[in-house]
Amino acid sequence: MLSVKQALSKDQVGKIVQVRGWIYRTRSSGGIVFAVLRDVSGIIQTTVKKGAVSEKDFDDAQKAGIESSVMIEGEVAEDKRAPGGYEIRATKFQVYGFSDGFPITEYQSTELLLDLRHLWIRSREQTAVAKVKASLLRGAREWFHDNEYVEVTPPIITGVAAEESTTLFQVKYFDRIAYLSQSAQFYLESLIYSLDKVYSLTPSFRAEKSRTPRHLAEYWHLEMEAAWLENEDNMKVQEQLITSMLHNAVKECPEELTFMKRDPATLKKIEPPFERMNYQEAMETLQKKGLDVSWGSDLGAIEERALTQDRLVPMFVVNYPKELKPFYMKENPEDTRTYKNSDLLAPEGYGEIVGGSERETDNELMLERLRDKGESIENYKWYLDLRKYGSVPHSGFGLGLERIVTWVCKLDHIRDSIPYPRTVARVYP
RNA sequence: GCCGUCGUAGCUCAGCCUGGUAGAGCAUCCGCCUGUUAAGCGGAGGGUCAACGGUUCAAACCCGUUCGACGGCGCCA
């Protein structure tokens, strides 16, 4: 048994091979059936001629519609008329499962593809995206492994509603209420005291009613936290990690990237260091472009797009005003209006993909900020404890995996970066 | 939470402005076709026009309400 990709080779020409998979396209013209076969590795045309196979096999080949599962045996031939340049001339056509008229046809709407997601994930687009995603993840894990980070497994169900409780999903937890995690950060911070450098890959849940091409209610969150790490070094980790992810995808998935209209060469060229732009400079740049922003304005979708749409390499925006960011970030001693933090923006207008910062170590400062925000101190008791027993400077960040996939695969919407997107309007299938 | 667009055959849409009793292509089924590229030719079946209410002799079409979907903003990764 060969994969389709293996069969598509000059070495196989003249040999009898067996392939199996699903019918991707099929056309019949009386005495000959053209069945294009799909498997994980690609597609290949097979021709089934009357007389070259048994009568039953020929009947089955005529009947087998799109997505029927089959095994085909035949001789590999080079043929200019075949898409891809090679075809298999069948001597056997064995059907495992006939397919009813496949409901996804040439004409598709967004709604249909979401309703039939369990079938649409078989598409070549979805297959390519899934492979690229796996490659990006492998690149990330390799980098973490090479740099002695320990992968840890923080909880998904959490007990207190830390950080803007409105954005959390509630779950019934025995006879109490618990919440689905929106970030593993606090738990990762607690683990650096023993493991020094840690990371985790977990689903994160946000109950924000976001209706945008950049938001999911459930997404895969790659987070890292390291002791003794200052904000500038935190950015170095990000640019190295992302480079490792991109380069691994280029190495493992050049065909899938090209299929998604992403030239692998543009990713190959991305290397550290990424540009660091101060928040202040970002505001000035945007003002020069004619946008109505000033100190204290947040960078929304429009602003991020304006900053990055002509770039090919990600960029950091650093040192945001404190009022725009959460309480746990470290004050910037060079400008105490700001934090030692960074947002990493993807190029080509795709927007924020990573948010990170050095963490505050002064409990008094954090208590003050929490009080200002009207938060209940009780909820943060264990977190504040961490600073009481051998506090160290440390930093970390969170990366939205689907955001990177959206950029790398040039997707119009983040929902296509995950097999079963969870959005405000959809939990089915 | 806010702004906008759209619900007609299994799918993609036309018809709505200007009311008169339902159309096309694809898919399905039946024929024909030995080099097709989501082929071609002939035939058949397939519709509570999202739901409810109103106006009218008459509503897919005009008006209202509800529901659903999608596009965008905000929030974030």
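Residues numbered from 1 in each chain as written. Chains lettered and ligands numbered in written order. Predicted model: local features only at pLDDT ≥ 70, side-chain atom pairs only at ≥ 80, totals over all residues. Heavy atoms only, no water.

Enquirer: With reference to specific residues and values, describe the packing of aromatic side chains.
Expert: The full count for this structure, using the stated rule, is 16 aromatic pairs. Seen in terms of ring centroids, Tyr279 and Tyr320 are 5.5 Å apart; in terms of plane orientation they differ by 45 degrees. Their pairing is tilted. Residue Tyr279 is located in helix α10 (residues 279-288), and its partner Tyr320 is located in the loop between β13 (315-318) and β14 (341-346); the two are separated by 41 residues in the primary sequence. Here Tyr279 matches Tyr320 in class, with each residue buried. Arranged with centres 5.2 Å apart and planes meeting at 75 degrees, the rings of Phe327 and Tyr380 form a pair that is edge-to-face. You can see Phe327 sitting in the loop between β13 and β14 and its partner Tyr380 sitting in the loop between α12 (363-372) and α13 (381-385), a full 53 residues away along the chain. Assigned by exposure class, Phe327 and Tyr380 land together as buried. Through a chain of ring-to-ring contacts, three or more aromatic side chains come together here, namely Phe186, Tyr187, Phe327, Tyr328, Tyr380, Trp382 and Tyr383. Between the NZ or CZ atom of Arg337 and the centre of the ring of Trp295, over which it lies, the distance is 3.8 Å. (Phe/Tyr/Trp six-rings, centres within 6.5 Å; stacked < 30°, edge-to-face > 60°. Helix = DSSP H or I, 4+ residues; strand = E, 2+ residues; numbered from the N terminus. Buried < 20%, exposed > 50% of the residue type's maximum accessible area, 1.4 Å probe, protein only. Lys NZ or Arg CZ within 6 Å of the ring centre and 35° of its normal.)

Enquirer: Can you break down the sheet that holds β13 residue by residue, with the values?
Expert: As summarised here, the arrangement of the eight strands in space is β6-β10-β11-β16-β15-β14-β13-β12, forming an open sheet in which the pairing is mixed. A single partner strand is all that each edge strand has here, and the edge strands are β6 (150-151) and β12 (275-278). Across five bridges, the pairing between strand β15 (residues 351-358) and strand β16 (residues 394-400) is antiparallel. Within β16, the residue paired with Glu358 across the bridge is Ser395. Here α10 sits on the sheet and contacts β12 and β13; the angle it forms with β12, its principal contact strand, is near 80 degrees. Together, β12, β13, β14 and β15 form the strand contacts of helix α11 (residues 301-308), whose direction differs from that of β14 by roughly 70 degrees. (Pairing = 2+ DSSP bridges. Contact = heavy atoms within 4.5 Å. Axes fitted to C-alpha atoms, helices over the stretch in contact; angles between N-to-C directions.)

Enquirer: Residues and numbers for α10, please.
Expert: Given 3.6 residues to a turn, an α-helix orients residues that are three or four positions apart in the same direction. Of the residues making up α10, those classed as buried are Tyr279, Ala282, Met283 and Leu286. Projected down its long axis, α10 shows its buried positions confined to an angular sector of 100 degrees, all on one face. Those residues of α10 hidden inside the fold are in contact with β12, α11 and β13. Residue Asn278 occupies the N-cap position of α10, its side-chain oxygen lying 3.0 Å from the main-chain nitrogen of Gln280. (Arc of directions from axis to C-beta. Polar contact = N/O pair within 3.5 Å; in protein donor to acceptor, adjacent residues only side chain to side chain.)

Enquirer: Requested: an account of the domain arrangement of chain A, with residues and values cited.
Expert: Along its sequence, chain A is carved into domain 1 (4-97) and domain 2 (117-417). Each of domain 1 and domain 2 has a C-alpha centre, and these two points are 46 Å apart. Residue-level contacts link eight residues of domain 1 with five residues of domain 2. At the boundary of domain 1 with domain 2, total buried surface from both sides reaches about 510 Å², with 46% on carbon and sulfur atoms. Two residues, Glu67 and Arg122, come together in a salt bridge whose shortest N-O distance is 2.8 Å. Taken together, the links from domain 1 to domain 2 amount to two residue pairs in polar contact (both at pLDDT 80 or more). Tallied by class, residues from the side of domain 1 that touches domain 2 come to four nonpolar, one polar and three charged. (Domains from an automatic or database assignment. Buried area = accessible area lost by both parts, 1.4 Å probe. Salt bridge = Lys/Arg side-chain N within 4 Å of Asp/Glu carboxyl O. Nonpolar A, V, L, I, M, F, W, Y, C, P; charged D, E, K, R; others polar.)

Enquirer: Any details on the protein's contact with RNA strand B? Residues and values, ideally.
Expert: Surveying the vicinity of RNA strand B reveals 52 residues, the closest of which are Ser109, Arg206, His215, Arg403 and Arg415. Each atom of RNA strand B within 4 Å of the protein was assigned to sugar, phosphate or base; sugar and phosphate come to 43%. In the environment of RNA strand B, a sugar or linking oxygen lies 3.2 Å from a nitrogen or oxygen atom belonging to the side chain of Glu111. Between Arg415 and RNA strand B, the recorded distance is 2.4 Å, taken from a side-chain N or O atom to a phosphate oxygen. (Near = heavy atom within 4 Å.)

Enquirer: An account of the sheet that holds strand β7 (residues 157-158) is needed here, citing residue identities and associated values.
Expert: As summarised here, the arrangement of the three strands in space is β7-β9-β8, forming an open sheet in which the pairing is antiparallel. The open sheet is flanked by β7 and β8 (170-173), the only strands paired with a single partner. Summarising the sheet, β8 and strand β9 (residues 176-180) pair through four bridges and their orientation is antiparallel. Its bridge partner lying in β9, Gln170 is registered against Tyr179.

Enquirer: Pulling in residues and values, what's your account of the packing of helix α5 (residues 124-146) against helix α14 (residues 401-408)?
Expert: In helix packing, the relevant descriptors are the interaxial angle and the interaxial distance, both defined with respect to the helix axes. Orientation of α5 relative to α14, taken along the N-to-C sense of each, is 120 degrees, at an axis distance of 10 Å. On the basis of their axis angle, the class for α5 and α14 is oblique. In the packing of α5 onto α14, the handedness of the crossing is right-handed. Contact residues: Val129, Val132, Lys133, Leu136 and Leu137 in α5; Leu401, Glu402, Ile404, Val405 and Val408 in α14. Split into classes, the residues belonging to the contact of α5 with α14 amount to eight nonpolar, no polar and two charged. (Parallel < 35°, antiparallel > 145°, perpendicular 65-115°, else oblique. Left-handed = near helix turned anticlockwise from the far one by under 90°.)

Enquirer: Tell me about the pairing of β15, and name the residues and values.
Expert: Across the eight residues that make up β15, a large majority, six, are buried. Bridge count between β14 and β15: six bridges; the pairing is antiparallel. Each bridged residue has a counterpart across the sheet, and for Ser342 the counterpart in β15 is Gly356. Here β14 hands over to β15 after four residues, with Glu348 in that stretch at a positive phi of 60 degrees.

Enquirer: Quick rundown of the nonpolar core? Include the residues and the values.
Expert: A general trend in soluble globular proteins is that nonpolar side chains are found buried together. In terms of nonpolar packing, the biggest core is built from 44 residues, with Leu136, Met224, Leu241, Ile242, Ile404, Trp407 and Val408 touching the most fellow members. Residues within four places of Trp407 in sequence aside, it is in contact with Leu246, Arg262, Leu267, Ile270, Pro314, Ala346, Pro347, Glu348, Tyr350 and Ile353. Of all hydrophobic cores here, the second largest spans 22 residues; its members include Ala7, Val76, Ile88 and Phe93. (Core = buried A, V, L, I, M, F, W, Y, C linked by side-chain atoms within 4.5 Å.)

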